[in-house]
Amino acid sequence: MSDREFDLAIVGAGPAGLTAALYAGRNLMKAVVLEAKGPGGQLLNTELIEDYPGLKSVLGGDLAAVMVDQATSFGTEIATASVEKIHVDEDGNKVITTDDGEFRAPAVLITAGGNPRKLDVPGEIEYAGRGVSYCAVCDGAFFKDQHLAVIGGGDAAVEEALFLTRYASKVTLIHRRDEFRAQAVMLEELRSHPKVEIILNTVVDSIEGDGKVTHMMLSNAQTGEKSKLEVGGIFIFVGFIPNTQLVDTHVDHDAAGYYNVDPQTMMTNIPGIFAAGDVRAQLTRQITTAVGDATTATIAAGKWVEEFRKQHSKLEAGA
Ligand SMILES: Cc1cc2nc3c(=O)[nH]c(=O)nc-3n(C[C@H](O)[C@H](O)[C@H](O)COP(=O)(O)OP(=O)(O)OC[C@H]3O[C@@H](n4cnc5c(N)ncnc54)[C@H](O)[C@@H]3O)c2cc1C
């Protein structure tokens, strides 16, 4: 095997990819993790984690550092490389094209997570980084004592709105429906928070300012009534777009683009291409589900690679 050939290539070093690296290393597979940025994935955007079993309360960055240390201690390499394309060659091997050249492996595990969905309103792109943010943990501290708006109705919006109350003078959560998808416990905490106001049935028409955000224009989704809300910052949490565009052939996915996998193995409909964590279709996306998926996927991929190599040696012997 050349130094660019592996048993398993893992795309992304978030909790799923790092778990895969750990299991691959312990199972003595020759594996590589290809990570576009620094390892840690969304853990690096999360301040406090209180729902990871065994650690009552841990900072996202600290959990990422421990996961990286543990994963690499069993020999799996983490390479800085952004994956651009995954191609299945005529022998069933996978050719992974990155900004740092090609890698090859019979099995690929995609753990590439997702990116924040945009609101797609005027001013959003113009004011990104100048008042518009998709990461409260990264940017919240820049908005001390300001009135902030949070857009969205899921777990991330509610969690981040609560987080922002540490810095903001007031947090207004704007949701386009009258019901939330967020967990009831967090929602109750948000509703009873003295700094929080919730505006329902309301959509953002535009984000405006004078070089940095000063206000947003809103419409009531039911009556069409327009209003202006003066804010110093706008945090948008309206979902994620999964990074599932890398394979150059059709991979089964749901309506939102998340990979459909066999729950027993995490394998997609393409033999040897596995998916785990936030890229796969499932009820919830958490650190625990990401690490669980990756455990299953890596063990299944190990068995799959063994079988793949057996079949190939038989074919070569018979040729
Ligand atoms: C703000 C926030 C707070 C959260 N809080 C919690 C919490 O308290 N508890 C909890 O359990 N969960 C929480 N979550 C969810 C949790 O972080 C995710 O479910 C988990 O990180 C998913 O892990 P993953 O490995 O699948 O993906 P990610 O963590 O997204 O990691 C994906 C990795 O793949 C890399 N990548 C992407 N594309 C490529 C490419 N083309 N080439 C190479 N690398 C690539 C990315 O750079 C990234 O490092 C939170 C999420 C957010 C956004």
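Above this text is the structure in question.
One structure accompanies this document, and this report is about it. The residue numbers shown here count from 1 along each chain, following its written sequence. Local features are withheld for residues below a pLDDT of 70 in this predicted model, meaning they are given only at 70 or higher, and side-chain atom pairs are given and counted only at 80 or more; totals for whole chains, interfaces and linings count all residues. Note that water and hydrogens are dropped before the side-chain values are worked out from all heavy atoms of the structure.

## Brief notes about the sheet that holds strand β2 (residues 31–35)
We treat two strands as partners when DSSP finds at least two bridges between them. For the purposes of this entry, the term helix denotes a DSSP run of H or I that reaches at least four residues, the term strand denotes a run of E that reaches at least two, and both are numbered from the N terminus. Strand order in the open sheet made by the five strands is β5-β2-β1-β9-β20, with parallel pairing throughout. For this open sheet the edge positions go to β5 (77–80) and β20 (273–275), each flanked by a neighbour on one side alone. Neighbouring strand axes in the sheet, compared pairwise and without regard to direction, differ in orientation by 25° on average. As paired strands, β2 and β5 are joined by four bridges and run parallel to one another. Following the sheet pairing, Val33 is matched in β5 by Ile78. Packing of helix α1 (residues 15–26) onto the sheet brings it into contact with β1 (8–11), β2, β5 and β9 (107–110), and relative to β1 it is tilted by some 160°. Each axis is a line fitted through C-alpha atoms, taken for helices only over the stretch in contact, and angles between the N-to-C directions span 0 to 180 degrees. Only heavy atoms matter for contacts: two residues are in contact if any of them lie within 4.5 Å across the pair.

## Some remarks on the packing of α1 against helix α2 (residues 60–72)
Here α1 crosses α2 at 25°, and the two axes come no closer than 8 Å. Considered as vectors, α1 and α2 are oriented roughly parallel to each other. Seen along the crossing, α1 lies across α2 with a hand that is left-handed. Mapping the contact onto sequence places Pro15, Leu18, Ala21 and Leu22 in α1 and Ala64, Met67, Val68, Gln70 and Ala71 in α2. A per-class count over the contact of α1 with α2 returns eight nonpolar, one polar and no charged. Convention used here: angles under 35 degrees read as roughly parallel, angles over 145 as roughly antiparallel, angles from 65 to 115 as roughly perpendicular, and any remaining angle as oblique. A clockwise turn of the near helix away from the far one marks a right-handed crossing, whereas an anticlockwise turn of less than a right angle marks a left-handed crossing. Amino acids are sorted into nonpolar (Ala, Val, Leu, Ile, Met, Phe, Trp, Tyr, Cys and Pro), charged (Asp, Glu, Lys and Arg) and polar (every other residue, Gly among them).

## A look at the pattern of salt bridges
Criterion for a salt bridge: a side-chain nitrogen of Lys or Arg within 4 Å of a carboxyl oxygen of Asp or Glu. Counted by the stated rule, this structure contains nine salt bridges. Measuring nitrogen to oxygen at the nearest pair gives 3.5 Å for the salt bridge that ties Arg4 to Asp100. With a gap of 96 residues between them, Arg4 in the segment before β1 and Asp100 in the loop between β7 (94–98) and β8 (101–105) connect regions that are remote in the sequence. A salt bridge links Glu307 to Lys310, with the shortest nitrogen-to-oxygen separation between them at 3.9 Å. Residue Glu307 and its partner Lys310 are both found in helix α6 (residues 287–318); the two are separated by three residues, about one turn of the helix.

## Details of the pairing of strand β12 (residues 147–151)
The element β12 is largely enclosed, with a buried count of five among its five residues. Relative accessibility thresholds used throughout: buried, under 20% of the residue-type maximum; exposed, over 50%; partly exposed, between the two (1.4 Å probe, protein chains only). Alternating positions in β12 separate into two faces, His147, Ala149 and Ile151 on one and Leu148 and Val150 on the other, with burial throughout. Sheet analysis places β12 next to strand β13 (residues 170–174), joined by five bridges and oriented parallel. From the neighbouring strand, His147 faces β13, where its bridge partner is Lys170. Every crossover in which the path from the first strand over the helix to the second runs clockwise, viewed with the strands pointing away from the viewer, is termed right-handed. Note that the unit made of β12, helix α4 (residues 155–164) and β13 has a crossover that is right-handed. Across four bridges, the pairing between β12 and strand β18 (residues 233–236) is parallel. What sits directly across from Ile151, in β18, is Ile236.

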